[in-house]
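# What the coordinates show
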Amino acid sequence: MIAEQGAQVLEYRHDGEPPLIWLSPEAAYQRGQSVRGGVPVCWPWFGGLGFNPDAVASRYTLADPPAHGLVRGLPWTLVEQVQSSQQCVLRFRPDPDELPDEAPGVTPTLIVCLDQHLTLTLVNHNHSESEVALSQALHSYFAVSDSRRITLQGLDGHPYVDALDQWHSHLQQGPLTLQGETDRLYLKLGNQLHIDDPGWQRRITLSVSGSQSAVVWNPWVEKSQRLSQFPDDAWQQMICIETARVLDDMLVLAPGQHHEMAVRFMTTPL
């Protein structure tokens, strides 16, 4: 299921399996507001604008810039649908009339490919006559049996910035298991990350191209009680691993340049 508002994938699962994508049971479908769960598109900045590199943040003078950019709550248009016996490909673009005047001269396109797996590709094309810097993320919420028991593979040995530790830098030692609220921006990553879930006896693999950064987020107990559209115990049922271009991995596009950031979600028995 995909919402045209935000071109947001809301649900995805294989027959006979638990859901791959987590959607809040308290999800609210309101015009102009992102739905909690699924895969929101964060663009042309990620998180709070002020936490982005100056090359990204300095171009905007909005009095109250929304978290995670300009397009999560905007209508997108299905501009192309191609279907065969093997796959279905959908292309979405935001309505240009809905974008604020300060939006960069870059056209984002989200391509959703459904075959045996789910692949999302965020394409940026710089139509302006100047260089544009932006940050972005596919804010994927994954369904898990119990976030306290999962293990995240593929982060070992990679640097990260901890948003809960005054944005200090650290180096990941070994696989990651969650011990509390987690909000980390990982950098210099390879092209695969894994969620090992012993409760559901499965591995979720993220195969990535066009990105070397990812955000790992879980609100845990206390913050869950402050989040909208989020049951108090929902932190146990989800983990966000967001394919991204953030911090030093921000995307810089020359005039006329285009870029593709893609992630493919697969499940295999554990």
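Residues numbered from 1 in each chain as written. Predicted model: local features only at pLDDT ≥ 70, side-chain atom pairs only at ≥ 80, totals over all residues. Heavy atoms only, no water.

### Digging into the overall build of the chain
Tallying secondary structure elements over the chain gives two helices and 20 strands in all. Taking the principal axes of its C-alpha atoms as reference, the chain extends roughly 50 × 50 × 35 Å. A burial count over the chain gives 54% of its 270 residues as buried. Surface accessibility of the chain: about 12,200 Å² in total, with carbon and sulfur atoms responsible for 46%. (Helix = DSSP H or I, 4+ residues; strand = E, 2+ residues; numbered from the N terminus. Buried < 20%, exposed > 50% of the residue type's maximum accessible area, 1.4 Å probe, protein only. Areas by Shrake-Rupley, 256 points an atom, 1.4 Å probe, with all protein chains shown as cover.)

### Structural notes on the packing of aromatic side chains
All told, the structure shown has eight aromatic pairs when counted by the stated rule. Aromatic pair Phe-142 and Phe-265: ring centres 5.1 Å apart, planes at 90°, arrangement edge-to-face. Of this pair, Phe-142 sits in strand 10 (residues 141-143) while Phe-265 sits in strand 20 (residues 258-269); the two residues are 123 residues apart in sequence, bridging distant segments of the chain. Residue Phe-265 is classed as buried on the basis of its relative accessible area of 1%. Three or more aromatic residues joined by ring pairs form one cluster here, namely Trp-22, Tyr-141, Trp-217 and Phe-230. The residue whose ring lies beneath Arg-59 is Tyr-60, and the NZ or CZ to ring-centre distance is 5.9 Å. (Phe/Tyr/Trp six-rings, centres within 6.5 Å; stacked < 30°, edge-to-face > 60°. Lys NZ or Arg CZ within 6 Å of the ring centre and 35° of its normal.)

### Focus: the sheet that holds strand 4 (residues 76-83)
One open sheet accounts for eight strands, arranged 4-5-6-7-20-16-15-11; its pairing is antiparallel. On the outer flanks of this sheet lie strand 4 and strand 11 (151-153), each paired with one strand and no other. Mean inter-strand twist for the sheet, computed between neighbouring axes without regard to direction, equals 15°. Of the strand pairs in this sheet, strand 5 (residues 88-94) and strand 6 (residues 106-114) are connected by five bridges, and their pairing is antiparallel. Following the sheet pairing, Arg-91 is matched in strand 6 by Ile-111. (Pairing = 2+ DSSP bridges. Axes fitted to C-alpha atoms, helices over the stretch in contact; angles between N-to-C directions.)

### Structural notes on the pattern of salt bridges
On inspection of all chains with the given rule, the structure shows seven salt bridges. Here Arg-203 ties to Asp-196 by a salt bridge, and the two come within 2.7 Å at their closest N and O atoms. Looking at Asp-196, the relative accessible area reads 10%, which means it is buried. (Salt bridge = Lys/Arg side-chain N within 4 Å of Asp/Glu carboxyl O.)

### Brief notes about the environment of Glu-242
Mapped onto the secondary structure, Glu-242 falls in strand 18 (residues 238-245). A sequence separation of 25 residues divides Glu-242 from Trp-217, and the C-alpha atoms of the two residues are 8.3 Å apart. Once you skip the residues sitting within four places of it in the chain, Glu-242 turns out to touch Phe-46, Ala-137, Leu-138, His-139, Ser-140, Ser-213, Ala-214, Val-215 and Trp-217. A polar contact of 3.5 Å, which involves the side chain of Glu-242, links it to the side chain of His-139. (Contact = heavy atoms within 4.5 Å. Polar contact = N/O pair within 3.5 Å; in protein donor to acceptor, adjacent residues only side chain to side chain.)

### Here we look at the environment of Val-263
With respect to the helices and strands, Val-263 occurs in strand 20. According to the relative accessible area criterion, Val-263 is buried, its value standing at 1%. In this structure the C-alpha to C-alpha distance between Val-263 and Ser-140, which are 123 residues apart in sequence, comes to 10 Å. Setting aside chain neighbours within four positions, we find Val-263 in contact with Leu-118, Thr-119, Leu-120, Leu-138, Leu-206, Ser-207, Val-208 and Thr-243.

### Here's the deal with the pairing of strand 6
Judged by how many residues are buried, strand 6 sits mostly within the fold: seven of nine residues are covered. With nine bridges connecting them, strand 6 and strand 7 (residues 118-126) associate as antiparallel partners. Each bridged residue has a counterpart across the sheet, and for Leu-110 the counterpart in strand 7 is Leu-122. In this structure, the hairpin formed by strand 6 and strand 7 is closed by a connection of three residues.

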